[in-house]
Amino acid sequence: MKDKLFKLLLFVASASVLLLTAGIIYALIGGASQAFGEYGFWGFITNSEWDPRSATEEYGALSFIVGTLFTAFFALLICLLFSLPVALFNGEYFKGTKISSFVGSIVGLLAGIPSIVYGLWGFYMLRPLTIELGINAQGFGIFTASIVLAIMIIPYASSLSSEFLSMVPNNLKEGAYSLGATRIEVIQHISLPVAGSGIVASYILALGRALGETMAVTMLIGNTNNIPKGLADTGNTMASIIANQFGESDGIKLSSLIAIGLLLFIITAIINLIAKLIVKHMSRA
Amino acid sequence: MKRILLFSFIVLVLGSCGKKNFSPNGNIVISGAGATFPYPFYNIVFRNYMKQNQATTVNYGAIGSGGGIRSLRDRSVDFGASDAFLSEKELKSMEAEVIHIATCMGGVVMAYKLSNVDSLRLNGDLIADIFMGKILRWNDARIAQENPNVNLPDLEITPVYRSDGSGTTFNFSEYLCSVNDDWNRDMGKGKALKWSAGIAAKGNPGVAGIVQQTEGAIGYIGSEYALTLKLPTAKLRNKAGNYVAATLETISSAANIDLPDDMRITLTNSADPNAYPISVLTWILVYKDQQYGNRTKKDAYDLVDLLSYMLTPEGQRVAAQINFAPLSTQALMKTKKLISEIHYGGKVLFPAKLDEVSLTTDSLTIN
């Protein structure tokens, strides 16, 4: 009897989460249908115009899709430079020591800082640095936003990858050492390949976080509705255009914003799917 | 058990219906909705009114001008509030004749950050070209021509605009449309525009924050916000050719001109010699004939009493204290007449307070 009840409870809980997801997708598609109906799906995502003036009203998502992918992937690149060494430090060189748990918890602290605080820090500390470096005159743009994003996602990437690295079986590594391999060679040929799928998954998770981040990016990217041409350029992301313009919008504009929300959902889903495929492929190899 | 719960739920739902104009004391409730711009003023002036009239509760929802007009149209509120007057088409779409009661004024100021520049003069053409990306540096010959005694730096100009839809953007662009043909053709006016230069931030605080932190930045900000923050702002050349700083006096002066009887007028680029050129009125909208629905004459009288109170020196002083510009004498007199014309099925409603609406507001402005 108890067992049956527990089973039912599990079933209901899982089903309601599924229903909730389906409901969100349904609401997004419903809200976005006006925009997709007006401009067409491909027309909407390949148009870089964002003109809210009533006489020439026209909306397209391309600028924001490019801005989102640009900042997220650049952030991932910077993040890689810091989080992989941290992961190796914690999961390989100083595995299980006090210093590794200290470094690990400090990096973990970064994950607990609210994004608005990152935004403020970027606004007051990083932006003057960007101006000092001569990247652009006002310090706003893809570069500044990506750096802050990179710092935000470092803990996600590093803590998971160091977990996976520390899970590499010791007998494999010891075997390699006994054959005369150096530490670098062990990392290169044993640790990284064995932990590879897990490390990739942790970076995908970090990328997902970077794609959807709103507040810190809005404060630093410049919020200009154009396709960014380089790191020094200002731009806008999908999450930040929604946050900025949702308040006063209605009609086709509101529908376009919801459509952008749906696209962000789709992009995140595609990236998760790719991650799954990579993990599957690598664990088979 | 289940049945008892369901039953009590139904009782609760039924119990909460059917009480229109519910208030803690069961007394008169005046409800309004609309513009967000005058909300700080309305908030305080309504609170003061409620202190003096314990039997009355005034509710105001700052849901945006469009929402205020819609709410008045379907008569879910006693008054609407809007930063833009109703067009002829909108007036015709209302249930009955609607009148515009001006309550206070505001402006849009040009805030800038240039460390060694204490005073800056601009005109509409310069602002338009800066925000269209046609003037790129502070030491441009055209800016220098307006500022002969100012040492302008060789620095890139960073225009800052609103990333969200805003009445401030509407007023700013409306002014530039009226003074600059290129702006009128390429940019137009609206709550949100398609910009070609500069960077954007959300809300007055967002724009002010970037301007304060960025050397060489210039942004447009609501006067009520900028004056409270005491940001450095540019003097603008008005229609009469004078360079005018944005203060409560100069904003009020924009309404020191011949105003139409219905008070539906755009005051940007006013002809008054002391006027600040980007000044605007904000209105409360009510039905001229208050006998509709199940309104009593008392409801109508209280509404008119409240409107009168806002125009008395006491009410207008509240506006000035929080950096909303009081109405000019001209505007007060026209508005007083409009309030006196509000009636209840032909019966006159003339609260004693309306007589207190004084002829001059000179003593009101405080900074």
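Residues numbered from 1 in each chain as written. Chains lettered and ligands numbered in written order. Predicted model: local features only at pLDDT ≥ 70, side-chain atom pairs only at ≥ 80, totals over all residues.

1. Brief notes about the overall build of chain B
Quick reminder of the rule: Secondary structure elements are taken from DSSP: a helix is a run of H or I of four residues or more, a strand is a run of E of two residues or more, and numbering for both begins at the N terminus. It is over C-alpha atoms that the radius of gyration is taken, and the globule rule equals 2.2 Å times the number of residues to the power 0.38. Comment: burial labels come from other C-beta atoms within 10 Å of the residue's own C-beta, placed from the backbone, where a count of 20 or more is buried, 12 or fewer is exposed, and between is partly exposed. Contact between two residues is assigned when their C-beta atoms, built from the backbone, lie within 7 Å.
Of the regular secondary structure elements, chain B holds 15 helices and 13 strands. For 367 residues, the compact-globule formula gives about 21 Å, and the C-alpha radius of gyration of chain B, at 23 Å, lands near that figure. In terms of overall dimensions, chain B has C-alpha extents of about 75 × 60 × 35 Å along its principal axes. When burial is assessed residue by residue, chain B has 50% of its 367 residues classed as buried. Taking the intrachain contacts of chain B between residues at least 6 apart in sequence as the baseline, contacts between residues at least 24 apart amount to 73%.

2. Some remarks on the confidence of the model for chain B
Residue and element names in this part refer to chain B. Applicable threshold: What pLDDT conveys is the predictor's confidence in a given residue, as a value from 0 to 100.
Taken over all residues, the pLDDT of chain B has a mean of 88, while the share at 70 or more is 90%. Under a pLDDT of 50 for its full length, residues 11-24 has, in the predicted model, three contacts with residues more than four places off or in other chains. Our summary of model confidence lists the complex with pTM equal to 0.85 and ipTM equal to 0.84.

3. Section: the interface of chain A and chain B
Put simply, the rule is: For this classification, Asp, Glu, Lys and Arg are treated as charged, while Ala, Val, Leu, Ile, Met, Phe, Trp, Tyr, Cys and Pro are nonpolar and the rest, including Gly, are polar.
Each partner contributes residues to the interface: chain A has 18 residues there, and chain B has 20 residues. Secondary structure elements with two or more residues in the side of chain A that touches chain B: β1 (50-51) and α10 (238-245) of chain A. A class-by-class count of the residues in the side of chain A that touches chain B yields five nonpolar, ten polar and three charged.

4. Some details on the sheet that holds strand β9 (residues 235-237) of chain B
Residue and element names in this part refer to chain B. Test applied: Between any two strands, at least two bridges found by DSSP are needed for them to pair.
The three strands lie next to each other as β5-β9-β10, forming an open sheet whose pairing is mixed. In this open sheet, the two edge strands, each paired with only one partner strand, are β5 (121-122) and β10 (243-244). As judged from the two bridges shared by β5 and β9, these two strands associate in the parallel manner. Paired with Arg 121 across the bridge in β9 is Lys 235.

5. Here's the deal with the nonpolar core
Keep this limit in mind: Take the buried Ala, Val, Leu, Ile, Met, Phe, Trp, Tyr and Cys residues, join any whose C-beta atoms are within 7 Å, and the set you get is a nonpolar core.
Ranked by internal contacts, the top residues of the largest apolar core, which has 166 residues, are Leu149(A), Ile153(A) and Met110(B). For this core, the element with the highest residue contribution is helix α6 (residues 142-166) of chain A, accounting for 16 residues. Not counting chain neighbours up to four residues away, the residues in contact with Ile153(A) comprise Ala75(A), Cys79(A), Ala206(A), Arg209(A) and Ala210(A).

6. Observations regarding the sheet that holds strand β3 (residues 79-82) of chain B
Residue and element names in this part refer to chain B. We apply this condition: Think of each axis as a best-fit line through the C-alpha atoms, taken over the contacting stretch in the case of a helix, with angles from 0 to 180 degrees between the N-to-C directions.
Judged by pairing direction, the sheet is mixed, and its eight strands sit side by side in the order β2-β1-β3-β11-β4-β8-β6-β7 without closing on themselves. Two strands bound the open sheet, and with one partner strand each, they are β2 (56-61) and β7 (199-201). Neighbour-to-neighbour, the strand axes of this sheet turn through a mean angle of 25 degrees, independent of strand direction. Two strands pair when backbone bridges link them, and strand β6 (residues 158-162) and strand β8 (residues 217-222) are joined in this way by three bridges, in the parallel orientation. The residue bridging Thr 158 from the neighbouring strand is Ala 217, located in β8.

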